[in-house]
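# Structure at a glance
If you want the building blocks of each chain, they are given just below.
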Amino acid sequence: MNTIMTLHSLTRWLVLLFGVMTVFTAISGMMSRSKYSALTDKSSLLFMIMFDIQVVFGFVLYFENGWFDRLKHLGDFMKDSLMRFFTLEHWLLMLIAWVLVHAGRTAVKKAPDSQAKYKKALIYFGIVLLLILIAIPWPFREAVARPWFRWF
Ligand code: HEM
């Protein structure tokens, strides 16, 4: 489980990297009114793929580390922010973000022109990135703090 935890910790940076790249290239494409770029398309694809991988690691940890079992006693844990965070909040927010990243790729594909594509990309992937940033147990979040990096 230590290996999966390390992979889950490290893959976070790839998800964030491609998420930030997607949002920035969408903003710059919109401002320069350019044709929908291969860079935005590729980085949003990698954003989605890395997110898919992260969800798999996440659910392995969720079931193997006993968080799912604790869910049955959630009533007892509601006042404990650490328990509440990992039994409920973290995966629920991430799952909403995961649905939106897939919906975003479809919405961009269906959009009629480059400007409409950039707009959809910015809205969907911007919200996804925000949700991820909110749901990560950053080291500065006292109650749920986890390290910036883990290594094998
Ligand atoms: C539905 C998807 C996800 C599930 C089910 C999930 C599940 C979990 C669980 C159960 C833990 C706690 C592991 C433990 O201590 O036993 C955890 C930790 C963590 N998760 Fe997720 N996660 C998901 C998505 C994500 C995403 C998308 C990111 C970031 C892009 C992320 C970042 C982290 C980080 C940074 C930790 C702390 C790792 C450490 O302790 O070093 N998770 N996750």
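Residues numbered from 1 in each chain as written. Predicted model: local features only at pLDDT ≥ 70, side-chain atom pairs only at ≥ 80, totals over all residues.

## Re the overall build of the protein chain
Worth spelling out the cut-off: Helix and strand definitions here come from DSSP, where helices need a minimum of 4 consecutive H or I residues and strands a minimum of 2 consecutive E residues; each element is numbered from the N-terminal end. As a rule, residues whose C-beta atom has 12 or fewer other C-beta atoms within 10 Å are exposed, those with 20 or more are buried, and those in between are partly exposed; C-beta atoms are placed from the backbone. What counts as a contact is two residues whose backbone-derived C-beta atoms lie within 7 Å of each other.
Counting secondary structure elements, the protein chain contains 6 helices and 0 strands. Walking the protein chain from its N terminus toward its C terminus, one meets helices and strands in the order α-α-α-α-α-α. Along the first, second and third principal axes, the C-alpha atoms of the protein chain reach 50 × 35 × 25 Å. Counting all 152 residues of the protein chain, 24% fall into the buried class. Across the protein chain, every contact between residues at least 6 apart in sequence was considered, and the portion connecting residues at least 24 apart equals 70%.

## Some remarks on the environment of Met83
Residue position: Met83 is located in helix H5 (residues 81–110). Assessed through the 19 C-beta atoms surrounding it within 10 Å, Met83 is described here as partly exposed. Separated by 13 residues in the primary sequence, Met83 and Arg70 place their C-alpha atoms 8.1 Å from one another. If we ignore the near neighbours within four places in the chain, the residues touching Met83 are Arg70 and Phe77.

## Section: the packing of H5 against helix H6 (residues 114–135)
Quick reminder of the rule: Lines are fitted to the C-alpha atoms to define the axes, a helix being fitted only along its stretch in contact, and any angle between axes, read from their N-to-C directions, falls within 0 to 180 degrees. Geometric relationships in this document are graded by angle, where less than 35 degrees denotes roughly parallel, more than 145 denotes roughly antiparallel, 65 to 115 denotes roughly perpendicular, and other angles denote oblique. When residue character is reported, Ala, Val, Leu, Ile, Met, Phe, Trp, Tyr, Cys and Pro are called nonpolar, Asp, Glu, Lys and Arg charged, and the others, Gly included, polar.
At a minimum axis distance of 9 Å, the contact between H5 and H6 shows a crossing angle of 170 degrees. Between H5 and H6, the interaxial angle falls into the category roughly antiparallel. Only Lys117, Lys120, Ala121, Tyr124, Phe125, Ile127, Val128, Leu131, Ile132, Ile134 and Ala135 of H6 make contact with H5, whose side of the interface consists of Glu89, His90, Leu93, Met94, Ile96, Ala97, Leu100, Val101, Ala103, Gly104, Ala107 and Val108. Among the residues making up the contact of H5 with H6, the classes are represented as 18 nonpolar, 2 polar and 3 charged.

## Topic: unusual backbone geometry
In this structure, Arg33 is a non-glycine residue whose phi angle is positive, near 50 degrees. Tracing the sequence through the fold places Arg33 in the loop between helix H1 (2–31) and helix H2 (38–64).

## Points about the nonpolar core
Counted only if it meets this: Joining buried Ala, Val, Leu, Ile, Met, Phe, Trp, Tyr and Cys residues through C-beta atoms within 7 Å gives a set, and that set is a nonpolar core.
Phe47, Phe51, Val101, Ala121, Phe125 and Val128 are the most contacted members of the largest nonpolar core, which totals 22 residues. The set of elements that each furnish at least two residues to this core consists of H1, H2, H5 and H6. For this core, the element with the highest residue contribution is H6, accounting for 8 residues. Discounting chain neighbours no more than four positions away, the residues touching Ala121 are Thr22, Ala26, Thr40, Ser44, Gly104 and Val108.

## A short note on the site of the ligand
Filter applied, for reference: For each residue, a C-beta atom is placed from the backbone, and the residue counts as near a molecule or strand when that atom lies within 6 Å of it.
Neighbouring the ligand are 25 residues; Ser9, Gly58, Asn65, Trp91 and Arg146 lie closest to it. Those elements that provide at least two residues to the shell around the ligand are H1, H2 and H5. The greatest single-element share of the shell around the ligand, amounting to 7 residues, is contributed by H2.

## Some details on the packing of H2 against H5
Applied cut-off: Should the near helix be turned counterclockwise from the far one by less than a right angle, the crossing is left-handed, whereas a clockwise turn marks it as right-handed.
Contact geometry of H2 with H5 gives a least axis separation of 10 Å together with a crossing angle of 150 degrees. The angle between H2 and H5 falls in the class roughly antiparallel. In terms of crossing hand, the pair formed by H2 and H5 is left-handed. Each of Ser44, Phe47, Met48, Phe51, Val55, Gly58 and Tyr62 in H2 lies in contact with H5, whose residues at this interface are Trp91, Met94, Trp98, Val101, His102 and Arg105. Partitioned by chemical class, the residues of the contact of H2 with H5 number 9 nonpolar, 3 polar and 1 charged.

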